[in-house]
Amino acid sequence: MDTATIVAILTGAAGVAGGWVGGRRNATVASDTVQMLSVQIEALQRECQKIPPLLERIKVLEELITQRADVEAVKEIVTRIEEKLDGRP
């Protein structure tokens, strides 16, 4: 499930919760609750915006790890070749 879907679901849930609470007798409490939910949704949306750059960083790190493993494999091959050229078992 992508971040846009999660944010849409939470926005809908906040709307439903706000409507339900708004129907209650105490309009002040309802208004405060809706405001609190709005603040939380905005915070969640800001956090969700951080996810794509983090995924890109993960991708770069995975590539670096793969490259390092490839270099280590080449080092092992070179060491074996050197051993054979030196006559070592």
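Since the structure is predicted, the reported quantities are computational estimates derived from the model, not experimental observations.

Cut-off values and rules
Residues numbered from 1 in each chain as written. Predicted model: local features only at pLDDT ≥ 70, side-chain atom pairs only at ≥ 80, totals over all residues. Heavy atoms only, no water. Helix = DSSP H or I, 4+ residues; strand = E, 2+ residues; numbered from the N terminus. Buried < 20%, exposed > 50% of the residue type's maximum accessible area, 1.4 Å probe, protein only. Areas by Shrake-Rupley, 256 points an atom, 1.4 Å probe, with all protein chains shown as cover. Expected span 1.5 Å × (residues − 1). pLDDT = per-residue confidence, 0-100. Salt bridge = Lys/Arg side-chain N within 4 Å of Asp/Glu carboxyl O.

**Structural notes on the overall build of the protein chain**
Part 1 of the reasoning: Each helix and strand in the protein chain was counted, giving three helices and zero strands.
Part 2 of the reasoning: When the helices and strands of the protein chain are listed from N to C terminus, the series reads α-α-α.
Part 3 of the reasoning: Out of the 89 residues belonging to the protein chain, those deemed buried represent 8%.
Part 4 of the reasoning: Carbon and sulfur atoms form 62% of the exposed surface of the protein chain, whose accessible area is close to 7,500 Å².

**A closer look at helix H3 (residues 51–85)**
Part 1 of the reasoning: Taking 1.5 Å per residue as the helical rise, H3 with its 35 residues ought to reach 51 Å, and the 51 Å between its terminal C-alpha atoms agrees with that figure.
Part 2 of the reasoning: A positive phi of about 80 degrees marks Gly-87, the residue just after H3.

**Topic: the confidence of the model for the protein chain**
Part 1 of the reasoning: Confidence along the protein chain averages 80 in pLDDT terms, with 78% of residues attaining 70 or more.
Part 2 of the reasoning: When pLDDT is averaged over each element of the protein chain, H3 comes out on top at 90 and helix H1 (residues 3–22) at the bottom at 68.

**Concerning the pattern of salt bridges**
Part 1 of the reasoning: Throughout the structure, instances matching the rule amount to two salt bridges.
Part 2 of the reasoning: In this structure, the salt-bridge partner of Glu-47 is Lys-50, at a minimum N-O distance of 3.2 Å.
Part 3 of the reasoning: For Glu-47, a relative accessible area of 44% corresponds to the partly exposed category.
Part 4 of the reasoning: Among the ionic pairs, Lys-75 bridges to Glu-72, the shortest N-O distance being 3.9 Å. Of the two residues, Lys-75 and Glu-72 are both situated in helix H3; the distance of three residues between them amounts to about one turn of the helix.

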